[in-house]
Amino acid sequence: MAIPISYNIRNLKLRKGLTIMTALGIALTVTTAVFLMALLTGLQKAFMTSGDPINVLVMRKGSTAELSGGFDADLFPTLKTLPGIAKDTQGDPIASGEWVVVVVLPRKDGTGEVNVSVRGLMSAGLTLRPNAKLVEGRWFTPGQREVVVGNAIHNRFSGANVGDTLDFAKGQWKVVGVFDSGGTAYDSEIWGDVNQIAADFDRQGAYASAYLRATDPVAADALKHRVSDDQRLKLEGTLETEYYEKQTSSGGAIKFIGTFVAIIMAIGSSFAAMNTMYAAVAYRSREIATLRIIGFSRPSILTSFVIEALLLSLLGAFVGIVLILPFNGMSTGIGNSLTFSETVFSLHMTWEVALAAVGFALIMGLLGGFAPAWHAARQDILTSLRA
Amino acid sequence: MKVERNNRHIEAVWSGSLAKARPQRIREKRINPSCPYRDRCFILRTSIIGAVFPSQGILLSNWWAYRSCMTLTRFVTKSAFRNKRRSLLTVLSLTFSLLLLTLMMTIWRAFYIDTFSAESAQRLVTRHRVSLTESMPLFYREKIRAIPGVVAVAPNNWFGGIYKDSKPENMFAQFGTDPDEILKIFTDFKMPADQLLAWQRDRAGVIVDDQLAKRFGWKLGDRMVLQGTIYPMDLELTIRGIYTAPEPTESVYYNQKYVEEAVSFAKGKAGMFAILADSPNRVSTIASAVDAMFRNSPEPTKTESEKAFQLGFINSIGNVKAFILSICFAVVFATLLVSATTMAMSIRERTREVAVLKTLGFTRQSILRLYIGEAVLVALTGGALGCLLALGLVSALSHAPGMSLFLSGMKVTPPTLLLAIIVAGIVGVLSAILPAYHAAKLDIVEGLRYIG
C-alpha cells in the first residue's frame, strides 16, 4: 500500500524554513536554466522564422553571407526569366536585386555604437516578404532618400521614429515608416531603395544578392538547383530558410556556456536537496519505523520519500518560472558573425520552455532524493525506534 | 565593556583560583587533557582560527595553547564535521557553486582585462567610419604616418577565407598586410629574423601563430590554400614564418599585394590600418588627429585604441557584462541559501549543547563566534575545492580545440582565486549570523529542556 501524498505535503509544511530555503535554491537554478532556454528560443525564433520556404536567395558562388557577395547587375534580367518564379498582379516576375551594407548607429541608452544592417531592395522585395507589415507611416518611395526601419531598430536607436532623419553613408535619410516582421531578423534591419543605397556606397552596377519568389516549395527547390547549376551565371541559390538556419549558429556560444552553467548549478542544487532530504529522514527515523510496523513496505517508504523530494523540486520549479516571468519579452541584441551586425531578439517563454524547466527540476529532485529515500527504506526498525 | 567584565567573572567562578593566576589559559578551555591529536595540524588550525578570532589566534600562538588540546579551533573543526554526510554534501554543493563563480570571473577577466598587453596600449586601429566592411584608400597610410607621434603604420585587411571547410575548428583570422612594417607595429610578436626575411622575399608567403601551427601541425614550407569569400579568388600560400605572441592570436598574416594583383577592386584599398604610437599617452591625440584629417573626405575614418576596438567586438556578442554578473549573483545567492540551510539544521540539532556551553560559562559572543567560525570553515573548504576544480577545468578547456578566439588564452589568476575564497568566507559569515544569533540568545533552562 502506498503512503498518501498528503503525508509528504504535511511534512514539507511542518519544516517550513528548510523547505522554503531548499526550494529557493532549486528555484534559482531553474531560473538560470529557464533564462538561458528562453533566450535560445527567442534567438531561434528570430532566425528560423525569418526565412520564407518559397524564397530563393541567390549569391555569388562561394560567398557565405549577403555581405560578402557581389555579382554583375547584368545577370539579374537572366535570373528574372528563369521558370518557376511567381508573377505579381501585373504579370512581372517577383524578383528583387538587393544590397546589404552595415552602418554604425548609436544606441538609444547611450551604451555605445552598434553595427546595423541596411538593406537596399526593389519594390518586388516588399512583395516577397509578406511577413513584414507596416505599423506606422508608409513604405519608402523608389528614387528617394527614404528608409523604413524595423521594429527593433525603432525601439533601440535614437532618431529612428517616423519623421526623423538617420545619418549614415553620404548624407541624411528620412525615416518614413516602421515595419514589424513578427520578431524575425528583419526587425533589426533598415530598408531603403536599392539604387539609392548602392549609389551611396559606390556599388552601382552590381547586386550583393537577389531574392526570387517561387510559386510553391517544390518549385523553390527546383529554382534553387537551376540557379546553382547554370554555368553562365556562376551563382548559387539557397532557400531563404536554409540561409537563416545557418545564422542561428551565432547562438552557439550562448548555448555552450548556458548548458555548462545550468549543469554545474544543477549539480550544486542536487547536493543541497540531498542534504535537506537526509535531514528530513534523520528527523523522522522513529516515524518511519512506526510506519514500517504498521505495515507499510520498504518500496512504499522509498516511493514516499522520493515523491517528497520531487514535490520540493516542483515547488522550486514553480518559483523559478514565476521569477523569470517579469523578464519575458525583454529584448537583447546578439552580434552575428556572418553579417557583422546586431540582430535583436527577445526572451521568449513558451510552454516547451516551462515544461523543460519542470523536467530539469524533477531530475534535480530525483538525484537529490533517491539516496536519502533509499536510506530511509533500509533503516533498521528496532534501532530507529530506540533512537 | 560591561559584558566583557561579566564574562571574566563567570570564567573565574568556573575555574577557580587558576583562572585568576593565568586568565589566558582558561580562555583556551581545556576539555580533554589526554587528546591524541595535540600535535597534528597545529599550524593550520592556528592560522584558520587566527583569521576568524583574532584574539584567540594570538593566544593560540603561545606555549600554553600548544599544550592545550581541546582548543577553540579544534572544537570548531570537530563541530563543523560532526555530521560527516551533511558537511560533505554542503561542501560539495558549495564546491560546484564556487567553481562556477571562479569560471565566470575568469571569463570576465579574459574578456575585459587580460587580452591587453602593455604593448597593446601603444597601438591604434583605424577603420572606415561607416563600417568595418567598407575600405579606405591606401594613400591614407602615408598621411597617417606624417602625424606627430606615429612611429609605424601598416594596412591590415580581413580576408575572411575558408581553410579546408567552414567548420568552427578550422576557423582563424587571415590578414593581408605589409611584411616590411607589420612586425614593427606588433612589437610583441617574436619571430626569428631569417623567417621574417624569407616572408618579405616571398609574395605568396604567410606567417602563422605558433599555437595555430601546433593545432594544425603546420611546419615551415607547408602549403595552405584559403578559399576567398569576400574576394573572388583563392590564396595559395607557403608558410615562411611562425611567430609567438603573448596571447594566442588565432591569426595568420600574408602579403596584401598578392590580393591586390589578383583582384582589381582590392587595388589601392585598405580595410584597416594598424598604427604604433611612440607612447601610450599619445594614443588619444593621434586618434583624434587621424579622424580630423579625413573628416570631410568621402571616406571618413574611425580611429580607436586596440583595446577599444576589441571591446567593440565583445560588446557585439550581446550584453555580456550583465549576463555574467547576473549568473554570478544567482550563484552567490544560491550558495548563501545552501550554507544557511545547513547551519540552521546543525545549530537547531545542538540546542541542548548550546545550553550546556552556556552553563559552562561561554558568553554570547563566543558562542556566536563558534558557530560563525564553523560556517566559515565549511564554506572555505568548499571554496578551496571549487577553486581547485576551476583550475583543472580551465586548463583542460583552454587546450581544447575549437574554442573561440577570446577563450583560448583563459587563465585562472591568483587574484581571481583569492576573490572566490573571500566570497566563500563572506557567504560563511552571512549564512551563520541568524541561526548563531538565535543560539546565542537561547535561554539556558529552555535549551536544556529541548528534546529535538
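Residues numbered from 1 in each chain as written. Chains lettered and ligands numbered in written order. Predicted model: local features only at pLDDT ≥ 70, side-chain atom pairs only at ≥ 80, totals over all residues.

Enquirer: I'm lost on the overall build of chain B in this one. Help?
Expert: Scanning chain B from N- to C-terminus turns up 19 helices and twelve strands. Within the span of chain B, comprising 452 residues, buried residues form 41% of the whole. Long-range contacts, defined here as pairs at least 24 residues apart, represent 79% of the contacts in chain B between residues at least 6 apart. (Helix = DSSP H or I, 4+ residues; strand = E, 2+ residues; numbered from the N terminus. Buried ≥ 20, exposed ≤ 12 C-beta atoms within 10 Å, placed from the backbone. Contact = placed C-beta atoms within 7 Å.)

Enquirer: What is the right way to look at the interface of chain A and chain B in this model?
Expert: Often, the extent of an interface is quoted as the loss of accessible area upon association of its parts. With 44 residues of chain A at the interface, the matching set in chain B holds 39 residues. Looking at the side of chain A that touches chain B, the elements with two or more residues in it are α2 (16–48), β3 (95–106), α9 (252–283) and β13 (331–335) of chain A. If you tally residues by element for the side of chain A that touches chain B, the top one is α9(A), at 14 residues. Residue composition of the side of chain A that touches chain B, grouped by class: 23 nonpolar, 19 polar and two charged. (Nonpolar A, V, L, I, M, F, W, Y, C, P; charged D, E, K, R; others polar.)

Enquirer: Would you take a moment to explain the pairing of strand β8 (residues 234–243) of chain B for this structure?
Expert: In regular strands, side chains alternate between the two faces of the sheet. Residues and elements named next belong to chain B. The sheet contact formed by strand β6 (residues 205–209) and β8 spans five bridges and is parallel. Within β8, the position partnered with G205 by the bridge is T238. Taken together, the five bridges between strand β7 (residues 223–227) and β8 define a ladder with antiparallel strand orientation. Note that in β8 the partner of R223 across the bridge is T238. (Pairing = 2+ DSSP bridges.)

Enquirer: Just checking my understanding: could you explain the nonpolar core for this structure?
Expert: Considering soluble globular proteins, one finds that nonpolar side chains tend to be buried as a cluster. Counting 175 residues, the largest nonpolar core has L212(A), L100(B) and Y371(B) as the members making the most contacts within it. In terms of residue count, α2(A) provides more of this core than any other element does, 19 residues in total. Leave out the neighbours within four places in its chain, and L212(A) touches V56(A), V58(A), L79(A), I85(A), A95(A) and L223(A). If you look at the next biggest cluster of nonpolar residues, it comprises 45 residues, including W199(B), Y231(B), Y253(B) and Y258(B). (Core = buried A, V, L, I, M, F, W, Y, C linked by C-beta atoms within 7 Å.)

Enquirer: What should I look at first to understand the packing of helix α1 (residues 5–14) of chain A against helix α11 (residues 298–324) of chain A in this one?
Expert: Angle between the axes and distance between the axes are the two parameters that describe a pair of packed helices. Residues and elements named next belong to chain A. Remark: α1 packs on α11, axes separated minimally by 9 Å, with the N-to-C direction vectors making an angle of 55°. Relative to α11, α1 is oriented oblique. By crossing handedness, the relation of α1 to α11 is classed as right-handed. In this structure, α1 uses I5, Y7, N8, I9, N11 and L12 to contact α11, whose residues at the interface are S304, I307, E308, L311 and L312. Along the lines of polarity and charge, the residues of the contact of α1 with α11 split into seven nonpolar, three polar and one charged. (Axes fitted to C-alpha atoms, helices over the stretch in contact; angles between N-to-C directions. Parallel < 35°, antiparallel > 145°, perpendicular 65-115°, else oblique. Left-handed = near helix turned anticlockwise from the far one by under 90°.)

Enquirer: Honestly, the sheet that holds strand β11 (residues 272–277) of chain B in this entry has me stumped. Any pointers?
Expert: Hydrogen bonds along the backbone pair up the strands of a sheet, which may run parallel or antiparallel. Residues and elements named next belong to chain B. With respect to topology, ten strands assemble into an open sheet ordered β4-β7-β8-β6-β9-β5-β3-β11-β1-β12, the strand pairing being mixed. Every other strand in the sheet has two partners, leaving β4 (162–163) and β12 (301–305) as the edge strands with one partner each. Pairing analysis gives three bridges linking strand β3 (residues 150–158) to strand β5 (residues 173–177), with the strands arranged antiparallel. Directly across from N157, in β5, lies its bridge partner G176. Of the strands in this sheet, β6 and β8 are in contact with helix α10 (residues 193–201), which crosses β8 at around 160°. Strands β1 (123–128), β3, β11 and β12 of the sheet are contacted by helix α13 (residues 283–293), whose axis makes an angle of about 175° with β12.

Enquirer: I keep staring at helix α10 (residues 285–294) of chain A and nothing clicks. Help me out?
Expert: Note: α-helices contain 3.6 residues per turn, so residues at a spacing of three or four share the same orientation. All names here are of chain A. Residues I288, A289 and R292 constitute the buried set of α10. For α10, the angular spread of the buried residues around the axis is 100°, confining them to a single face. In this structure, α10 carries I293 and I294 as exposed residues pointing more than 90 degrees from its buried face. Elements that come into contact with the buried residues of α10 comprise α11, α12 (351–378) and α13 (381–386). Residue G295 follows α10 closely and has a positive phi angle near 125°. (Arc of directions from axis to C-beta.)

Enquirer: Teacher, can you tell me more about unusual backbone geometry here?
Expert: Outside of glycine, negative phi angles account for most residues, and trans bonds account for most peptide bonds. The phi dihedral of K234(A) falls on the positive side, at around 55°, and the residue is not glycine. Looking at the element boundaries, K234(A) is found in the loop between α7 (217–229) and β12 (235–239). Phi angles above zero are rare outside glycine, and E250(B) is one such case at about 55°. With respect to the element layout, E250(B) can be found in the loop between β8 and β9 (251–255). Judged by the 19 C-beta atoms lying within 10 Å of it, E250(B) is partly exposed.

Enquirer: It is not clear to me how the environment of G373(B) should be interpreted in this structure. Could you clarify?
Expert: Residues and elements named next belong to chain B. Here G373 is to be found in helix α17 (residues 364–398). A count of 28 C-beta atoms within 10 Å places G373 in the buried class. The spacing of G373 and G425 is 52 residues in sequence and 9.6 Å in space, taken between C-alpha atoms.

Enquirer: What is the right way to read the pairing of strand β1 (residues 55–60) of chain A from this model?
Expert: All names here are of chain A. Counting buried positions along β1 yields six of six residues, so the element is predominantly enclosed. Two elements, β1 and strand β11 (residues 209–213), share four bridges in a ladder whose sense is antiparallel. Paired with V56 across the bridge in β11 is L212. In terms of strand pairing, β1 meets β12 through five bridges, oriented antiparallel. Among the inter-strand pairings, V56 is bridged to a residue of β12, identified as L239.

Enquirer: Would you mind showing me how to read the environment of A340(B) here?
Expert: Looking at the secondary structure, you find A340(B) in helix α15 (residues 320–349). In the structure, A340(B) is positioned 87 residues away from V427(B) in sequence and 8.7 Å away in space, judged by C-alpha atoms. The contact partners of A340(B), leaving out residues within four places of it in the chain, are M21(A) and S431(B).

Enquirer: I would appreciate a short explanation of the packing of α11(A) against α12(A) in the present structure.
Expert: All names here are of chain A. Closest axis-to-axis distance for the α11/α12 pair is 7 Å, and the angle between their directions is 145°. Seen along the crossing, α11 lies across α12 with a hand that is right-handed. When grouped by side-chain class, the residues that make up the contact of α11 with α12 number 23 nonpolar, six polar and two charged.

Enquirer: Any chance you could explain the confidence of the model for chain B here in plain terms?
Expert: Detailed reading of the predicted model is not advised wherever pLDDT is low. Residue and element names in this part refer to chain B. When the pLDDT values of chain B are averaged, the result is 79; 78% of them are 70 or greater. Below a pLDDT of 50 lies the segment residues 35–44, which in the model reaches four contacts outside its immediate sequence neighbourhood of four places, other chains included. The low-confidence segment residues 57–68, where pLDDT is below 50, has 23 contacts with residues more than four positions distant or belonging to other chains. Predicted as a complex, the structure gets a pTM of 0.70 and an ipTM equal to 0.70. (pLDDT = per-residue confidence, 0-100.)

Enquirer: Honestly, the confidence of the model for chain A in this entry has me stumped. Any pointers?
Expert: The share of residues in chain A with pLDDT of 70 or more is 92%, and the mean pLDDT across the chain is 84. Confidence, read as mean pLDDT per element, is least for β13(A) in chain A (66) and greatest for strand β6 (residues 146–150) of chain A (93).

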